[in-house]
Amino acid sequence: MFHDALLVARKDLIIERRAHVVLGQVSPLGLLILVVFGFAFDANVELLRLGSAGLFWVAVLFTGLLLVQRTFDVETEDGNLDALRLSGFLPQSIFLGKVIGLIVQLFLLEFALVIGLIVLFDVTVVDWLLFLAATVLGTFAFSVCGALFGALASGIRLRSTLLPLLLIPVLAPVLLAGTRAHEVALGLSSAPGWNWTGLLLVITAVYTSLGLVSFGPLLEDG
Amino acid sequence: MAEVSDQKTPKSKKSMSMTATPATRVLATVSVGASLVLLLLALIVSPADVVQGDAVRMLYIHVPSIWVAYGSFGLTACTSGLFILRYKRRADRGRHYDRIAGAAAEVGVVFTGITLFSGMLWGKVTWGSYWQWDARLTTTVLLFVTYLGYLALRRLPADPGVRAKRAAIMALVSFVNVPIVHFSVDWWRTLHQKASLSVGRRPEITGDMYWTLMYSALTFTFVATWLMIHRYRVIRLEEMRDEEMLQQQLRERRSENSL
Amino acid sequence: MPSVVDFSGVIALRGQYPVLAGLDLCIEQGEIVLLRGPNGAGKTSLLRACSGLLSIASGKASVLGYDLLASNQEVRKHIGFVAHQNHLYSDLWVRDQLRFRALAARAHDGDIRSICDRMEIPQRLLQLPTESLSAGQQRRVTIAAVALRRPRLWLLDEPHAGLDSEGRDLLDSLLQDAAKAGATIVFASHEINRAETIATRSISILGGQAVGGTNVS
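Peer 1: Tell me about the nonpolar core, and name the residues and values.
Peer 2: Ranked by internal contacts, the top residues of the largest apolar core, which has 118 residues, are Phe149 and Tyr207 of chain A together with Tyr150 of chain B. Of all the elements, helix H6 (residues 128-153) of chain A adds the most residues to this core, at 14 residues. Leaving out residues up to four positions away in the same chain, tyrosine 150 of chain B has contacts with Leu166 of chain A together with Thr76, Ser80, Ala101, Gly102, Ala105, Ala167, Met170 and Ala171 of chain B. Formed by 38 residues, the second largest nonpolar core is a distinct cluster that contains Leu126, Val146, Ala178 and Ala179 of chain C.

What follows is the structure in structure tokens.
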């Protein structure tokens, strides 16, 4: 199961290496969103710094949605989903493979966004361990939900407008938890931050189980 | 996937074009009658609140609506679960469960909308603003949007069998999501000390108010059940129309041979 | 020994349209069966139903001994499906493409080399993005990718389309060798003359039903 999952993930990452969608398009878009926030808040650095944790996760949310869309569009073109369904991979392997591929691509994206945050919004990370833990776990939760809903909407016409509507209510707790934990890690709040990483872990676990169970029926017919 | 058989559905055109039966007519009469009595109880018999005055009467719409909505979404989740477990073995490919899930979700969304709308009006009167970022309100609005998404998924152009399966998965995921959202929002609002949770005092519900509320819940349940049964039958009629078209197309398809 | 494909009264729907309208079909191991019929007769749907990609609404259907009404997932790993679409990732290099399919089917780099030789795909193409290949070259890569799976049942939808005459000869000999080795082949084609040279039997599909077959020697 894990062998096949790694195969699927590796294939997605090779596609990214050849096409440079994350590096060439989505990451610059993320930085652009940060700049636009600067306009929206009238370049008030103090305000931007206070809101930086939330703005980071909002930027991740919207650019990440594009990534989820992309990772399933790759399968829809040229009937590839049929080939994947015939491949003999377990549906669970395909789910995990998609999740791993998304995680790696999101890390690339978030790296660019963190640089942008430090440069544009003048933030300093006071607790790197919490910062990294929240980022990593938030990415896990995001990817798991994204893979589940990406498959749910894949192959249906009008999916590109439907996917955000389905996914954002589910990602709302991820956004909330990630933002609160980062506020603490960036020294903007003194509330307990590690609780929120625990919540992210729970969300990841719940949606991983849901994805493992539901990918079978989802790939049965398309 | 529609039930496929070579026999024509043995129902006359007339009985197919109606969604009411004697039983639902009784239910309708009871629902309408009970609603009228509710008006009387809520507006006249039950007392005004000491602090909130007449605004408290919003309670009899606001609270039962969300109870009914929760019940409906629970029903959607149950029937979606049954769909996933049984669609392979059932002769109708789980269409029965799919119809209940769809009808219940529609009713649930309507009643969630009523709760939100009445809550905002009530809030404006008692808190002075339409909206408070408290856990219940935030969860409810996310619940509303989640099930709007579910209904949007049900309306997409796709094979009915595929769509039913995806809708069932979506319903189960949404059901799991509700407590996660509630918990996280709750935590968010309690960890932030500066936000005060209770602007305005919750009315103490006793005596006549209590009984009116309970009666209101019962009335709303009747109305919701009545709506759901009719929605179920309309969905079934739509499917029967599709089924008739399918039979006709099967005949035409087969006659392509003899050309 | 049970038949490789055993369909009786199979009805399959796309949306609300019955693409297969009560189809009966029986195919034995080692046969090379040509499906013929006009556009919209149901040839592609029949191939998709055999592969387990298209769900069957009613009737009886078994492929390679798997009951498709009970589960259409188990049979899939034994199927080699050459569809209208090429099932290629346009951003991947040809080499990445074939390696992914090979690893998925537990085949090795040596198998890739031998199938590329067989389909006369030159080494220089392996380093190119798939989208820069011509339609015929992409078709050869698709066939190579399917052959790597060593399928027990080949399903081919207009496999000759886009191939030059040399490519068609390569495909025909590949299919004949596969049949000799015990695989079963079902393909749809409009190029009857070429198709009949390799087919052992031809079946006419019309209106979502099989309306008669002839043996071809």
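Peer 1: Got a sec to walk through the pairing of strand S4 (residues 58-63) of chain C? Specific residues and values, please.
Peer 2: All names here are of chain C. Sheet topology places strand S1 (residues 5-14) next to S4; five bridges connect them, and they run antiparallel. Its bridge partner being in S4, aspartate 6 is matched across the sheet by serine 62. By the bridge criterion, two bridges tie S4 to strand S5 (residues 66-67) in an arrangement that is antiparallel. For serine 62, the partnering residue across the bridge sits in S5 and is aspartate 67. Following S4, the chain reverses through two residues before pairing antiparallel with S5; leucine 64 in that reversal takes a positive phi of roughly 55°.

Peer 1: Before we move on, can you summarise the sheet that holds S5 of chain C with the specific residues and values?
Peer 2: Residue and element names in this part refer to chain C. The strand order across the open sheet built from four strands is S2-S1-S4-S5, with neighbouring strands paired in antiparallel fashion. The open sheet has two edge strands with one neighbour each: strand S2 (17-27) and S5. In the packing of helix H1 (residues 43-51) onto the sheet, contacts are made with S1, S2 and S4, and the angle to S2 comes to roughly 65°.

Peer 1: Run through the side chain of glutamate 158 of chain C, naming residues and quoting values.
Peer 2: Residue and element names in this part refer to chain C. Looking at where glutamate 158 falls in the secondary structure, it is placed in the loop between strand S7 (153-157) and helix H5 (165-180). Lysine 43 provides the closest opposite charge to the buried, salt-bridge-free glutamate 158, at an N-O distance of 5.4 Å. For glutamate 158, the residues in contact, after removing those within four places along its chain, are His84, Arg139, Ala188, Ser189 and His190.

Peer 1: Which residues make up the interface of chain B and chain A, and what values go with them?
Peer 2: One frequently used descriptor of interface size is the decrease in accessible area upon assembly of the parts. Every contact between the two is made by 28 residues of chain B and, on the other side, 33 residues of chain A. In total, about 2,800 Å² of surface goes out of reach between chain B and chain A, with carbon and sulfur atoms giving 76% of it. The largest share of the area that chain B buries against chain A comes from Arg166, Val173 and Trp187 of chain B, three residues that together contribute 21% of it. On inspection of chain B and its partner chain A, the count reaches zero salt bridges. At the junction of chain B and chain A, the tally comes to four residue pairs in polar contact (both at pLDDT 80 or more).

Peer 1: Before we move on, could you go through the interface of chain A and chain C and cite the residues and values that matter?
Peer 2: If you look at the interface, chain A gives 30 residues, while chain C gives 29 residues. Across the interface of chain A and chain C, roughly 2,500 Å² is buried in total on both sides, 51% from carbon and sulfur atoms. It is Arg18, Asp78 and Leu86 of chain A in chain A that bury the most area against chain C; as a group they hold 28% of the surface buried on that side. For the pair chain A and chain C, the number of links is four salt bridges. One salt bridge connects arginine 70 of chain A with aspartate 91 of chain C, and the closest N-O pair in it is separated by 3.1 Å. A per-element tally of the side of chain A that touches chain C places helix H1 (residues 2-19) of chain A first, with 10 residues. Considering only residue class, the side of chain A that touches chain C consists of 12 nonpolar, six polar and 12 charged.

Peer 1: Pulling in residues and values, what's your account of the packing of helix H4 (residues 95-126) of chain B against helix H5 (residues 135-155) of chain B?
Peer 2: Residues and elements named next belong to chain B. Where H4 contacts H5, the axes come no closer than 10 Å and their chain directions differ by 145°. Between H4 and H5 lies a crossing whose hand is left-handed. Counting all contacts with H4, which are made through Asp98, Ala101, Gly102, Ala105, Glu106, Val109, Thr112, Gly113 and Leu116, the residues of H5 involved are Thr140, Val141, Leu143, Phe144, Tyr147, Leu148, Tyr150, Leu151 and Arg154. Looking at side-chain class alone, the contact of H4 with H5 contains 11 nonpolar, four polar and three charged residues.

Peer 1: Lay out the packing of helix H5 (residues 91-121) of chain A against helix H8 (residues 194-220) of chain A in plain terms, naming residues and giving numbers.
Peer 2: Residue and element names in this part refer to chain A. It is at 8 Å that the axes of H5 and H8 come closest, and there the two elements cross at 125°. Considering the angle they form, H5 stands oblique to H8. H8 is crossed by H5, and the crossing has right-handed handedness. Contacts from Pro91, Gln92, Ile94, Phe95 and Leu96 of H5 reach H8 at Tyr207, Thr208, Gly211, Leu212, Phe215, Gly216 and Leu219. Of the residues assigned to the contact of H5 with H8, the class counts are eight nonpolar, four polar and no charged.

Peer 1: Could you give an account of the state of the cysteines, naming the residues involved and the relevant values?
Peer 2: Residue and element names in this part refer to chain C. According to the stated counting rule, one finds zero disulfides over all chains in the structure shown. This cysteine, cysteine 26, is not joined by any disulfide, and cysteine 50 carries the nearest cysteine sulfur, 11 Å off. The class of cysteine 26 is partly exposed, set by a relative accessible area of 34%. Here cysteine 50 falls in the buried class, since its relative accessible area comes to 1%.

Peer 1: Any details on unusual backbone geometry? Residues and values, ideally.
Peer 2: Residue and element names in this part refer to chain A. Residues other than glycine seldom take positive phi values, yet histidine 20 does so here, at roughly 55°. Examined against the element boundaries, histidine 20 turns out to sit in the loop between H1 and helix H2 (21-40). Residue class for histidine 20 comes out partly exposed when judged on its relative accessible area of 41%. Despite not being glycine, aspartate 42 shows a phi value in the positive range, around 55°. Mapped onto the secondary structure, aspartate 42 falls in the loop between H2 and helix H3 (45-76). Exposure remark for aspartate 42: the relative accessible area of 68% places this residue in the exposed category.

Peer 1: Can you explain the environment of serine 174 of chain B? Please cite residues and give values.
Peer 2: All names here are of chain B. Summarising the element assignment, serine 174 is placed in helix H6 (residues 160-191). Given the relative accessible area of 2%, serine 174 is considered buried. Separated by 101 residues in the primary sequence, serine 174 and phenylalanine 73 have C-alpha atoms spaced 9.3 Å apart. If we skip the residues at most four places from it in the chain, serine 174 touches Thr146 and Tyr147. Here methionine 170 takes part through its backbone oxygen, which lies 2.7 Å from a polar atom of the side chain of serine 174.

Peer 1: Any details on the packing of aromatic side chains? Residues and values, ideally.
Peer 2: A complete count under the given rule lists 14 aromatic pairs over all chains for this structure. Members of the aromatic cluster, each reached through a chain of ring pairs, are Phe89 of chain A together with Tyr89 and Phe100 of chain C. Above the plane of the ring of tryptophan 93 of chain C lies arginine 18 of chain A, whose end atom (NZ or CZ) is 3.5 Å from the centre. In this arrangement the basic side chain of lysine 98 of chain A is found over the ring face of phenylalanine 72 of chain A, its NZ or CZ atom lying 5.5 Å from the centre.

About the thresholds
- Residues numbered from 1 in each chain as written.
- Chains lettered and ligands numbered in written order.
- Predicted model: local features only at pLDDT ≥ 70, side-chain atom pairs only at ≥ 80, totals over all residues.
- Heavy atoms only, no water.
- Core = buried A, V, L, I, M, F, W, Y, C linked by side-chain atoms within 4.5 Å.
- Buried < 20%, exposed > 50% of the residue type's maximum accessible area, 1.4 Å probe, protein only.
- Helix = DSSP H or I, 4+ residues; strand = E, 2+ residues; numbered from the N terminus.
- Contact = heavy atoms within 4.5 Å.
- Pairing = 2+ DSSP bridges.
- Axes fitted to C-alpha atoms, helices over the stretch in contact; angles between N-to-C directions.
- Lys, Arg positive; Asp, Glu negative; His and termini not counted.
- Salt bridge = Lys/Arg side-chain N within 4 Å of Asp/Glu carboxyl O.
- Buried area = accessible area lost by both parts, 1.4 Å probe.
- Polar contact = N/O pair within 3.5 Å; in protein donor to acceptor, adjacent residues only side chain to side chain.
- Nonpolar A, V, L, I, M, F, W, Y, C, P; charged D, E, K, R; others polar.
- Left-handed = near helix turned anticlockwise from the far one by under 90°.
- Parallel < 35°, antiparallel > 145°, perpendicular 65-115°, else oblique.
- Disulfide = S-S within 2.5 Å.
- Phe/Tyr/Trp six-rings, centres within 6.5 Å; stacked < 30°, edge-to-face > 60°.
- Lys NZ or Arg CZ within 6 Å of the ring centre and 35° of its normal.

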